[in-house]
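Next come the chains, spelled out residue by residue.
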Amino acid sequence: MHKLIPLTFLAAALAACTQPGEPSAPAANGAAAAQPAKAAEAKPAEAKAAQAPAAQAKIGQPAPDFTLPDLDGKPVKLADYKGKTVVLEWFNPGCPFVQLAHRKGGLKDVPAQHTQKGVVWLAINSGAPGKQGTTREENVKAKQEFGMSYPLLIDEKGDVGRAYGAQRTPHMYVIDPQGTLVYAGAIDSTKGGEPEADERVTNYVDAALAELTAGKPVSTKETEAFGCTVKY
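Residues numbered from 1 in each chain as written. Predicted model: local features only at pLDDT ≥ 70, side-chain atom pairs only at ≥ 80, totals over all residues. Heavy atoms only, no water.

Here's the deal with the overall build of the protein
Stage number 1. Across its full length, the protein carries six helices and nine strands.
Stage number 2. For the protein, the exposed surface amounts to about 11,000 Å²; the carbon and sulfur share of it is 52%. (Helix = DSSP H or I, 4+ residues; strand = E, 2+ residues; numbered from the N terminus. Areas by Shrake-Rupley, 256 points an atom, 1.4 Å probe, with all protein chains shown as cover.)

Focus on the confidence of the model for the protein
Stage number 1. When pLDDT is averaged along the protein, the result is 84, and 76% of the positions lie at 70 or above.
Stage number 2. Predicted confidence is poor over residues 1-5, with pLDDT under 50, and the contacts of this stretch with residues over four places away or in other chains come to 18 contacts.
Stage number 3. For residues 23-52, every residue scores under 50 in pLDDT, and the model assigns this stretch 66 contacts once sequence neighbours within four places are set aside. (pLDDT = per-residue confidence, 0-100. Contact = heavy atoms within 4.5 Å.)

Concerning the state of the cysteines
Stage number 1. Here the structure, examined in full by the defined rule, presents one disulfide.
Stage number 2. What pairs with Cys95 in a disulfide is Cys228, and their sulfur atoms sit 2.4 Å apart. Taking the sign of the S-S torsion, about 95 degrees here, the bridge from Cys95 to Cys228 comes out right-handed. Of this pair, Cys95 sits in the loop between β3 (86-90) and α2 (96-103) while Cys228 sits in strand β9 (residues 228-229); the two residues are 133 residues apart in sequence, bridging distant segments of the chain. Considered together, Cys95 and Cys228 belong to a single accessibility category, that of buried residues. (Disulfide = S-S within 2.5 Å. Buried < 20%, exposed > 50% of the residue type's maximum accessible area, 1.4 Å probe, protein only.)

Topic: the packing of aromatic side chains
Stage number 1. Scanning all chains against the criterion turns up seven aromatic pairs.
Stage number 2. Taken together, the ring pairs connect Phe66, Trp90, Tyr164 and Tyr173 into an aromatic cluster. (Phe/Tyr/Trp six-rings, centres within 6.5 Å; stacked < 30°, edge-to-face > 60°.)

Some details on the pattern of salt bridges
Stage number 1. Going through the model one piece at a time under the given rule, you end up with three salt bridges.
Stage number 2. Notably, a salt bridge pairs Arg136 with Asp72, separated by 3.1 Å at the nearest N-O pair. Of the two residues, Arg136 sits in helix α4 (residues 136-145) while Asp72 sits in the loop between β1 (67-69) and β2 (75-77), which places them 64 residues apart along the sequence.
Stage number 3. One salt bridge connects Glu145 with Arg103, and the closest N-O pair in it is separated by 2.9 Å. Here Glu145 is found in helix α4, whereas its partner Arg103 is found in helix α2, with 42 residues between them in sequence.
Stage number 4. Accessibility expressed as a relative area gives 45% for Glu145, which makes it partly exposed.
Stage number 5. Its relative accessible area of 44% is what places Arg103 among the partly exposed residues. (Salt bridge = Lys/Arg side-chain N within 4 Å of Asp/Glu carboxyl O.)

Examining the sheet that holds strand β5 (residues 152-154)
Stage number 1. The sheet built from five strands is open, its strands ordered β5-β4-β3-β7-β8 with mixed pairing. With partners counted over all chains shown, the strands left at the sheet margins are β5 and β8 (181-185), one partner each. Strand-to-strand twist of the sheet, defined as the mean angle between neighbouring strand axes without regard to direction, takes the value 20 degrees.
Stage number 2. Running over the sheet, helix α6 (residues 204-213) touches β3, β4 (120-125), β7 (172-175) and β8 and is turned about 5 degrees from β7. (Pairing = 2+ DSSP bridges. Axes fitted to C-alpha atoms, helices over the stretch in contact; angles between N-to-C directions.)

What to know about the environment of Thr134
Stage number 1. Along the polypeptide, Thr134 turns up in the loop between β4 and α4.
Stage number 2. Each C-alpha atom, one on Thr134 and one on Lys231, is 8.9 Å from the other, the two residues being 97 residues apart in sequence.
Stage number 3. Beyond its immediate stretch of four places on either side in the chain, Thr134 contacts Asn125, Gly127, Ala128, Pro129 and Asn139.
Stage number 4. For Thr134, the side chain forms a polar contact with the main-chain oxygen of Lys131, separated by 2.7 Å. (Polar contact = N/O pair within 3.5 Å; in protein donor to acceptor, adjacent residues only side chain to side chain.)

Considerations on the nonpolar core
Within soluble globular proteins, side chains that are nonpolar tend to cluster in buried spots.
Stage number 1. Val87, Phe91, Trp121, Met172, Val174 and Val205 are the most contacted members of the largest nonpolar core, which totals 28 residues.
Stage number 2. Looking at this core, the elements with two or more residues in it are α2, β4, β7, β8 and α6.
Stage number 3. In contact with Trp121, other than residues within four places in its own chain, are Val87, Glu89, Leu107, Val110, Pro111, His114, Thr115, Tyr150, Pro151, Met172, Val205 and Leu209.
Stage number 4. In terms of nonpolar packing, the next biggest core, distinct from the first, is built from 22 residues, Leu68, Val76, Ile124 and Leu153 among them. (Core = buried A, V, L, I, M, F, W, Y, C linked by side-chain atoms within 4.5 Å.)

Re the pairing of β8
Stage number 1. Buried residues dominate β8, accounting for five of its five residues.
Stage number 2. Taken together, the four bridges between β7 and β8 define a ladder with antiparallel strand orientation. Of the residues in β8, the one forming a bridge with Tyr173 is Ala184.
Stage number 3. Counted along the chain from β7 to the antiparallel partner β8, the turn is five residues long, and its residue Gly179 has a positive phi close to 85 degrees.

Examining the environment of Phe226
Stage number 1. Its location among the elements puts Phe226 in the loop between α6 and β9.
Stage number 2. Separated by 40 residues in sequence, Phe226 and Ala186 have C-alpha atoms that sit 6.4 Å apart.

Here is the structure:
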């Protein structure tokens, strides 16, 4: 059985994060195979899936290198973290799914727990200038509100987002110490909504990092990412 997102949250979230001409419901990420659609109550039947960007990133292959500026203009290069586990988090401060994940969902406290253990966590905003959530002020404010002690990188041309096939915010990627992409998809199993009181939630990123730490292969390599479309 597939989890239903509460209609009140879904309607408000989709209205807030969908721009003219965009699809109004989540779609599978570029690396993952499509999964069954959720029930009609939570997903309009006429909604069309977002077309995946032409991605270079593939599970089991080297993660595409990049250099992006942080909010202070300081360049951050992925290759500098070779030898460490890296998590990439696609971010948009105006996206209700991102806000929920950081305030009470799978991104609340989890990054801090792992960065304390030596994991490198990088947030990336691939929105084009003038689109939702792309001003420096919005990103600085959100970074402070969400307690993001890790870098927030600006990819305004969208080259890095497209290289990774990032379609949604949040959209998560895990790179092992050898520089290999080992996970792509959702932060957790909540499908972008709030978990039910008795629901058992799997945080896919947390699980992947635990398996890497234990020297085990990542068991869940790809999942469907849910959230707002990346505002390329």
